Structure formats: C-alpha cells, structure tokens
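# Close look at the chain arrangement
So the chains spell out like this:
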Amino acid sequence: MEKQFIILLIKLAAAASIASILARSSKFLNLLLRERRTMLEQLQLSLGISGFCGAGSIVRIYTQSYAAADMCLEGSLLAGLIGGYISGLLTGVICSIPALLHGEYLAMPLYAAVGVMGGLLRDLAYDQEEVWRISPFFDLSVYRLIRYPEARRRSLFQIVGLFTIVLAELMRYTVVRLFGDRMIFAFYLPQGGWANTPVFVSTIFTVALPLKIWVSARNERLLENKERLLVEARLSALSAQINPHFLFNTLNTVSSLIRTNPDKARQVVYKLSNILRRLLRKTDNFAPLREELAFIDDYLAIEMTRFGEKLRFVKDVEAGTLDCQIPAMLLQPLVENSIKHGLARKVDGGTIRLESRFERRPEGLRLLLTVADDGVGIEEERLESILEQPGIGVSNVNERLLVLFGANYRLSVTSQSGEGTKTVIEIPA
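Here we summarise the structure given alongside this text.

Turning our attention to the pairing of strand β7 (residues 420-428). Of all nine residues making up β7, seven are buried, and the element is well covered by its neighbours. Inspection of the sheet shows strand β5 (residues 364-373) paired to β7 by eight bridges, in the antiparallel sense. When the sheet's bridge partners are listed, L369 is paired in β7 with I425. Of the strand pairs in this sheet, strand β6 (residues 410-416) and β7 are connected by seven bridges, and their pairing is antiparallel. Paired with V413 across the bridge in β7 is T423. Between β6 and β7, which pair antiparallel one after the other, the connecting turn spans three residues, and G418 there sits at a positive phi close to 85°.

Before going further, it helps to spend a moment on the nonpolar core. Grouped together as the largest cluster of nonpolar side chains are 48 residues, with contacts concentrated most on L32, W132, L211 and W214. Sorting the residues of this core by element identifies α1 (2-23), α2 (26-33), α3 (39-63), α4 (72-83), α7 (107-124), α9 (152-179) and α10 (197-239) as the ones contributing at least two each. At eight residues, the largest contribution of residues to this core is made by α10. Beyond its immediate chain neighbours, meaning those up to four positions away, W214 contacts A19, L22, A23, F28, L32, I49, L78, I82 and W132.

Attention now moves to the packing of aromatic side chains. The final tally for this structure, using the stated rule, is five aromatic pairs. Centre to centre, the rings of Y173 and Y188 are 5.1 Å apart; their planes meet at 90°, and the pair counts as edge-to-face. On the criterion of sequence distance, the pair formed by Y173 in helix α9 and Y188 in the loop between α9 and α10 is long-range, its members being 15 residues apart. Each of the two residues, Y173 as well as Y188, counts as buried. Above the face of the Y126 ring, R153 is positioned so that its terminal group lies 4.3 Å from the ring centre.

Reading the values: rules and limits
- Residues numbered from 1 in each chain as written.
- Predicted model: local features only at pLDDT ≥ 70, side-chain atom pairs only at ≥ 80, totals over all residues.
- Heavy atoms only, no water.
- Buried < 20%, exposed > 50% of the residue type's maximum accessible area, 1.4 Å probe, protein only.
- Helix = DSSP H or I, 4+ residues; strand = E, 2+ residues; numbered from the N terminus.
- Pairing = 2+ DSSP bridges.
- Core = buried A, V, L, I, M, F, W, Y, C linked by side-chain atoms within 4.5 Å.
- Contact = heavy atoms within 4.5 Å.
- Phe/Tyr/Trp six-rings, centres within 6.5 Å; stacked < 30°, edge-to-face > 60°.
- Lys NZ or Arg CZ within 6 Å of the ring centre and 35° of its normal.

In structure tokens form, the structure reads like this:
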C-alpha cells in the first residue's frame, strides 16, 4: 500500500511537469486558445499529448520500474476533452502503440474509447469553456449546485465531468478483472475493492492538474492578447484623429476655387485624396519619417491654399533620418496646432519649421523631431498643463508616445507669448 501511494504521487508530479512543459510551447498554447480547430490542428494537439504519453508507456515497459510514467488513459481523456472526439481517438490509438507491441492487446480499444468519451463530454457542454472548469472537488460542485440554482447547468456539468473521469478508470478496472493485467497495464492491488480507491483518486487529479495548468497559461495568453488589442484600439483611435473642420474648410476652399482657378481646385482635391487615402488605409503603428513628411506636405499644401502667403513652411531634415520608423500620424497634430493656435490669429501669418536629426546619448542613438512656429505663443498658465488637456493635439501625441515607448521618450513644449511655440520629441532611433 505504501509503495502504491509513492508511485501515485510520482505520477501526479510527472503529470504536472509534462503539462508545464507543453504549456511553455507557443505552438501548443496557440492550439489550446482555439475552440474550433482544423483537422491538422486536431492532429497536432493529439501528437503533442500522445508523444509524452507514448514515451511514458515506453519507459514503463522497458524499465519495468517506472509505472508512474504511464498516463495513456488520462492523456486520451484529456485530448478528447480539449480537442474533441477525433483528437481523443487519435491520441488513444497513437499512445497505445507501445503497449500493443508489448502484448497488451486491449490497450488500444480502451484508450481510443476513453478518448472518444472525452470528446462526447466536450460536446455535452453547453459552453465549451466549461471543460476548463472541471474540478476534482466533488463536494464543492454539489455545494454550488444547491447554493446557486441559477448556475445549475454549470454545476451539473462539473459533476458529470468528474464522474466521466471515474468511469474511465472503472472501465480499465473492469477490463483487468475480466481479462487480467497482461492484456492492459494497471497499477491495482491484488486484493481489489476499496483498497484501489487511491488509484481512482490519482486518475482524477492526473486529469485535473494539466487542465488547471493549461487554463492558467491560456488565461494569461488571452489577457495578453486583450491588452494588446486594447492598446492597438487606443492607438488607432488616437492616430485617426483629424480635425473635421479641416475637411469642411478644405471643401469650402475647393468650392471657391472651382470657378476662379479650376487647376488649383484640382490640385487641392488631389492632395485631399492623398490625405484621406492615408487615413483610411490599414497601416501599422509605425511608418518611415519619409512617408510622414509626404503626408505633412499634402496637408500644408491645402492649408497654404487657404492662408496664401501668410503661411510658410521650412524643413531641415537630416537625410539619414528619412528611413527612421516613427509613430504614424505623429507630426500632423503638432503642425495643426501651430496653424490653429499659433499662426491663424497672427495678422501677418508666420512660418512653421520642422527639423529632424540624430543625437548620440549614453542610452544609444536618439531621433529628435522638432515642430516650431513663430506665432502668438501659449500663455504660461496654460503651458504648464498642456500635456494633460484632453482634445489638444500635443496631449494626443504624448499619450501615444507613452503607450508605445513607456518611459523611453521625451516630449517638451516651450513657448513665449508673442514669439512662438516649439515642440521637441525625442525617441529611440
């Protein structure tokens, strides 16, 4: 009896170790994340589980001293629960091949039947997520069944799942009692009866432990994916912002130019189509500086049509920086701010200056982007909180940089009333 306990404890430790090894595989974890799998993916899931179970069977057969390594029955049931009856059937067939070659002729039909049974249990679940919640604690499921009648279906499925594991071990016990232990491997005590209860308990936990390990890894990956999607959604919302007044003003400009200067109106429409095409097409979060400057050129060409000679634009760009990747739509909100808040209210207009250059720092090569204007400037009290004011272009830019770079960036805004505003962005090159 003491030897049996030790072997069963080793079996549980081995099951937890194998489940942890499989959970570290990105390929296997991706298979766990899918609820609907192709035939190829079901085969891959079966090979992942049956590979370890079959290897354990080989160790048990040829060493004759590591009985705890054989977990083919539990592996077949797990494959059926997770992947469906096809995965369960394939796992039962594949992992039983070493036992079949050793003369254990009932191993293959039993393990295949157990795998199919796991798949049928999966089909029985009203929500396939419920298979991950199967618990080895029967009393807890019964308590929930009584205490929470609104969740009765979930509690009943947990109880049925637990009894399915017990039924799988009972099928092996019956085969051993009818045909002897030469036809199939089982670690039962000769006296039988209640003395073999620990075997049934170990089977329950050998199935439940991998489920809990995999659901933990699965939930962690799902949480990472949701956080990534949330960040992408925030970036998309922030990068897609363009002042609708710009569109209205541009259309008004076009309508006024159609009669007086049709060629100029055609050029404005062409520039506007370039801008809209850029905004509507699906792009990554980063783009080469070269593309961003082309976008700014189109944007300012339209604005210069509206403001005339009052608006001037100067670029001072190091040639080597043109291929640097920067956050998409990073510069447009700053240029728009310069026009809207700096130059539009200035009678004689002014100049927007855009610079880019590299600087070597102890932490590595950095890219410095500067947008400056000689407009009316920003009041000192407003300047102090400009990065925290929602709806302002520079706060939009700051939030995007924070999402993308964390603390590995710098954004500064300096301004003097009547002299202009200067915004400097420093990011990794």
